[in-house]
Amino acid sequence: MSAAGTSKDAMLTAIRRGLRRRPLPEDQAFALRARLAAHPRHVIPARSRLDHAGQVALFAANVEKEFGSVVRVDDLAGVPAAVADYLAAQNLPGQFVIAPHPGLRAIDWSSRPLLRFREGRAEATDAVAIQHGFAGIAETGTLMLPSAPERPTTLNLLAEAAIVVLAADRVVGAYEEAWDLLRAEMGGMPRNVMLVTGPSRSADIEQALELGAHGPRRLHVVLVGG
Amino acid sequence: MQIATSSEFKRNAHDALADVGLQKALARSGTSFIARRAAAVAALPEFEALREEARAIKDHTLAHLDFYLEAYAARVTAAGGTVHWCTDAAEARAVVLAICQEAGARTVTKGKSMISEELGINEHLERHGIVPVETDLGEYILQVRHETPSHIIAPAFHLNREDWEASFRAAHTDLPADRVFHERRDILTEARSRLREKFLAADVGITGANFLVAETGSSVIVTNEGNGDLTQTLPKVHIALASIEKVVPTLEDCMSLLRVLARSATGQDFSVYTTFSTGARRPGDLDGPEAYHVVIVDNGRSGMLGSEFQPMLRCIRCAACMNHCPVYGAVGGHAYGWVYPGPMGSVLTPALIGVDQAGLLPGASTFCGKCESVCPVKIPLPNLMRHWREREFERHLTPVGQRSNLALWAFVAKRPALYRALTRVAAFGLRSLAGRRGRLAHVPLAGGWTAGRDLPAPEGDTFFARYARAQRAGRVA
Ligand code: SF4
């Protein structure tokens, strides 16, 4: 047996010695496996127990509370103007990297011919990145951004400004509901799932909050539809 | 590995009280975390119910720790990751070094990790020619200054803005002389641009883990800066370091703990980035590490299971106990002499490095009970400190002839001095803190905190200069 195996055994033995028992008997192990499979929910704060319109409004309010910004558009056709207006208002270049996601490929950018973009992952030189949002969580204004070939993680991290296009019908109340969407639609756990709440910040200098640490300085959500 | 100076607590505390810069920092920072936590808690009616639930989830997990660790490890392996089981710090250091060497690493970026401090990862890598770069803003400035964290979530708690500027000017020698650091934002911008280069050049990224999720085989990190995410996303290898008690059963369990973590820590409803990592880059992925390793470390924790100190393993490292502690507020984190300060350190440190080294810490308390009342997992911290003091007392009563351990003999030889120190520490806590309204404006040297910047530098070394030197000496030893 390898040294690593020896350490594993030693650690498990030490833990069981502390707990004063042998490996769990099969009936108890079975019960714990059932708990893992059922992943029961615990207390869910009442604040997000609203109808869907209420959840969307709470989501938007919480994104803004956390120093992000939100704009609502009726449909995908409204996205190019919303993006162009945002970039102009923030003095950002009309150039971005965008997730190669079918939901974003459906956008017709021809109405804004001055916007230039490429699909793919972000590089350190990208000022603006557009990600496809998987879900929005009203409870705290949190975006769920799972990794996939069509949703590179670097889009969430490297640019000055991160823009997330999110369908309003993907807004849920609590984190648990977003995880259930993910379990249902993705089967297993993606390599990386980021829960993002506002733009990057630090309180390391004199415990005072400053926005714009290592991640994006700005977070903008384009909410599509009702 | 950090050299413990916990046995010098009394002297450390004395020096800390005389350190003008430290007192200025403590006075400024002391109340902000408290007010922010109070506001976040007040805004969530379910907070008390969530605390009870958080405690129960942790107790359930600890009672079945062997099962959940094995279940977790099996999921990591199934997701293409590698699990390394390490009984102690030396084994963990060797494993991390071997992974880095195999990757041909020259530089390694680091996310903020207290277990990395505990294990002494940086020093070990440096000794073998690999450059570790701390990327959390607070950890970065401390690395530049050759200091250790003084707080578990705000490592540079003890520094003032002028310290940041001076350290950056000293370390970033290519800075133009007219470069201004008038605002905190200027400091942040400088650090961001310096560290960008490091993120892009690193061969390996090392993070800690706030949680390990058995259901999915995920390691979870919680940050506000995004540095931990860049650390684990950009290099070709990601290593997550975690101690055994970080495992939780399911995503639901994890979310319940996360609901109390950020509120207790910084008073945020949720931290900016809470990220679940599961295995390495998948087919078709355009980014992410090509290899994913988890290093699971015991390093003394299994010895706490089944003892009166088992509840300490519920700790989720939120720092609320130190933020609310009058002793921490008076002397800061370095006085505790090892990695973990404040009430949680006073209970954990004796368990991890030995009561002979850290026996004074459990006395560093006024037993005001504030720590327990804010702890999100309801750890009875004052009671556990009392247990240590009882144990310490019993040790002193044990006849010398029954001991075979030379270190213990040395300890007993110093017994009168230690005993006096212990009682003086307790007395100091009560005398200087109890019955006074605030904390820092009322300890010795009070009166001039707002003018602290203009005070002449104290004669001789400051506490931190001496402390930093001791740490450096420890590194080369
Ligand atoms: S002991 Fe409790 S309050 Fe202190 S850091 Fe741990 S969880 Fe937080």
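Here is what the cut-offs are and how they apply
Residues numbered from 1 in each chain as written. Chains lettered and ligands numbered in written order. Predicted model: local features only at pLDDT ≥ 70, side-chain atom pairs only at ≥ 80, totals over all residues. Heavy atoms only, no water. Helix = DSSP H or I, 4+ residues; strand = E, 2+ residues; numbered from the N terminus. Expected span 1.5 Å × (residues − 1). Buried < 20%, exposed > 50% of the residue type's maximum accessible area, 1.4 Å probe, protein only. Polar contact = N/O pair within 3.5 Å; in protein donor to acceptor, adjacent residues only side chain to side chain. Near = heavy atom within 4 Å. Nonpolar A, V, L, I, M, F, W, Y, C, P; charged D, E, K, R; others polar. Salt bridge = Lys/Arg side-chain N within 4 Å of Asp/Glu carboxyl O. Contact = heavy atoms within 4.5 Å. Buried area = accessible area lost by both parts, 1.4 Å probe. Pairing = 2+ DSSP bridges. Axes fitted to C-alpha atoms, helices over the stretch in contact; angles between N-to-C directions. pLDDT = per-residue confidence, 0-100. 1 Å grid on protein atoms, 1.4 Å probe; cavity = no way out; pocket = protein on both sides within 12 Å on 5 of 7 lines; lining within 4 Å. Points joined across faces, edges and corners; volume = space filled by probe spheres on them. Domains from an automatic or database assignment. Parallel < 35°, antiparallel > 145°, perpendicular 65-115°, else oblique. Left-handed = near helix turned anticlockwise from the far one by under 90°. Disulfide = S-S within 2.5 Å.

Peer 1: Explain helix H5 (residues 89-102) of chain B to me, and be specific about the residues and the numbers.
Peer 2: Residues and elements named next belong to chain B. Between its first and last C-alpha atoms H5 spans 20 Å; for 14 residues at 1.5 Å apiece the expected length is 20 Å, and the two agree. For H5, the complete set of buried residues consists of Ala 89, Ala 92, Arg 93, Val 95, Val 96, Leu 97, Ile 99 and Cys 100. Measuring from the backbone nitrogen of Ala 90 back to the side-chain oxygen at the start of H5 gives 3.4 Å, which picks out Asp 88 as the cap. Positive phi appears at Gly 104, one or two residues downstream of H5, with a value of about 65°.

Peer 1: Can you explain the site of the ligand? Please cite residues and give values.
Peer 2: Looking at the ligand, there are 13 residues lining it, with B:Cys315, B:Cys318, B:Ala319, B:Cys321 and B:Cys375 nearest. The residue inventory of the shell around the ligand, partitioned by class, reads 12 nonpolar, no polar and one charged.

Peer 1: Describe the pattern of salt bridges, with residues and values.
Peer 2: If you walk through the whole model with that rule in mind, you get 45 salt bridges over all chains. B:Arg259 is paired through a salt bridge with A:Glu139; the nearest N and O atoms lie 2.6 Å apart. Of this pair, B:Arg259 sits in helix H12 (residues 251-265) while A:Glu139 is found in the loop between strand S5 (135-137) and strand S6 (142-146), placing the two residues in two different chains. Its relative accessible area of 0% is what places A:Glu139 among the buried residues. The closest approach of N and O atoms between A:Arg170 and A:Glu185, which form a salt bridge, is 2.9 Å. Of this pair, A:Arg170 sits in the loop between strand S7 (161-167) and strand S8 (171-172) while A:Glu185 sits in helix H6 (residues 175-186), and the two are 15 residues apart along the sequence. Within this structure, A:Arg47, A:Lys65, A:Glu66, A:Arg201, B:Arg263 and B:Asp269 form a network of salt bridges that share partners.

Peer 1: Can you tell me about the interface of chain B and chain A, naming the residues and giving the values?
Peer 2: The partner chain A presents 81 residues to the 103 residues of chain B that form the contact. For the pair chain B and chain A, the two sides together bury roughly 7600 Å², of which 57% comes from carbon and sulfur. Of all residues in chain B, B:Arg192, B:Glu252 and B:Arg259 give up the largest surface area on contact with chain A, accounting jointly for 10% of the area buried on that side. Where chain B meets chain A, there are 17 salt bridges. A salt bridge links B:Asp66 to A:Arg16, with the shortest nitrogen-to-oxygen separation between them at 2.8 Å. Joining chain B to chain A, the criterion identifies 39 residue pairs in polar contact (both at pLDDT 80 or more).

Peer 1: Explain unusual backbone geometry to me, using residue names and the numbers behind them.
Peer 2: With phi around 30°, A:His39 is a residue other than glycine that occupies positive phi space. Structurally, A:His39 can be placed in the loop between helix H2 (26-38) and helix H3 (52-65). Exposure remark for A:His39: the relative accessible area of 16% places this residue in the buried category. Non-glycine residue B:Ala319 carries a positive phi angle of around 80°. Secondary-structure assignment places B:Ala319 in the loop between strand S10 (291-297) and helix H13 (320-323).

Peer 1: How would you sum up the sheet that holds strand S3 (residues 131-134) of chain B? Please name residues and give values.
Peer 2: Residues and elements named next belong to chain B. An order of S1-S10-S7-S4-S2-S3 is seen for the six strands of this open sheet, with the pairing classed as parallel. The two strands at the open ends of the sheet, each matched to only one other strand, are strand S1 (82-86) and S3. If you compare each strand with its neighbour and ignore which way they point, the axes differ by 20° on average. The pairing of strand S2 (residues 107-110) with strand S4 (residues 204-207) spans three bridges and is parallel. Looking at the pairing, Thr 109 lines up with Gly 205 of S4.

Peer 1: Give me the confidence of the model for chain B: which residues, what numbers.
Peer 2: Residues and elements named next belong to chain B. Counting all residues, the mean pLDDT for chain B is 83, and 82% of those residues have values of 70 or more. The model gives residues 399-465 a pLDDT under 50, and that stretch makes 87 contacts with residues more than four places away or in other chains. This prediction of the complex comes with two scores: 0.88 for pTM and 0.97 for ipTM.

Peer 1: Give me the layout of surface pockets: which residues, what numbers.
Peer 2: Roughly 1000 Å³ of internal volume is contained in the largest pocket. Lining the largest pocket are 50 residues, with B:Ile153, B:Val222, B:Asn224, B:Thr266 and B:Ser271 positioned closest to its centre. Sorting the residues of the lining of the largest pocket by element identifies strand S10 (201-202) of chain A together with helix H2 (20-42), helix H6 (114-119), strand S6 (218-223), helix H11 (227-233), strand S7 (237-243) and H12 of chain B as the ones contributing at least two each. Ranked by residues supplied to the lining of the largest pocket, first place goes to H2(B) with four residues. Counted by class, the lining of the largest pocket contains 23 nonpolar, 15 polar and 12 charged residues.

Peer 1: So what about the domain arrangement of chain A? Which residues, and what values?
Peer 2: Annotation of chain A at the domain level lists domain 1 (3-38) and domain 2 (47-224). Averaged C-alpha coordinates put domain 1 of chain A and domain 2 of chain A at centres separated by 41 Å.

Peer 1: Could you give an account of the packing of helix H3 (residues 47-63) of chain B against H12(B), naming the residues involved and the relevant values?
Peer 2: All names here are of chain B. Closest axis-to-axis distance for the H3/H12 pair is 9 Å, and the angle between their directions is 125°. Here H12 runs oblique to H3, going by the angle between their axes. For the pair H3 and H12, the crossing hand works out as left-handed. For the pair formed by H3 and H12, the contact residues are Phe 47, Leu 50, Arg 51, Glu 53, Ala 54, Ile 57 and Lys 58 on the first element and Asp 253, Ser 256, Leu 257, Arg 259, Val 260, Arg 263 and Ser 264 on the second.

Peer 1: Could you give an account of the sheet that holds S7(A), naming the residues involved and the relevant values?
Peer 2: Residue and element names in this part refer to chain A. Within the open sheet, the six strands sit side by side as S1-S12-S7-S4-S2-S3. Their pairing is parallel. One side of each edge strand has no neighbouring strand; the edge strands of this open sheet are strand S1 (69-73) and strand S3 (116-119). Neighbour to neighbour, the strand axes of the sheet diverge by 25° on average, direction disregarded. Note that strand S2 (residues 95-98) and strand S4 (residues 128-132) share two bridges and pair parallel.

Peer 1: I'd like a rundown of the state of the cysteines, residues and numbers included.
Peer 2: Residue and element names in this part refer to chain B. Across all of its chains, the model carries zero disulfides over all chains by this definition. Free cysteine: Cys 100, not disulfide-bonded; nearest cysteine sulfur from Cys 86 at 13 Å. The thiol of Cys 371 is not disulfide-bonded; the next cysteine sulfur, from Cys 368, is found 6.2 Å away.

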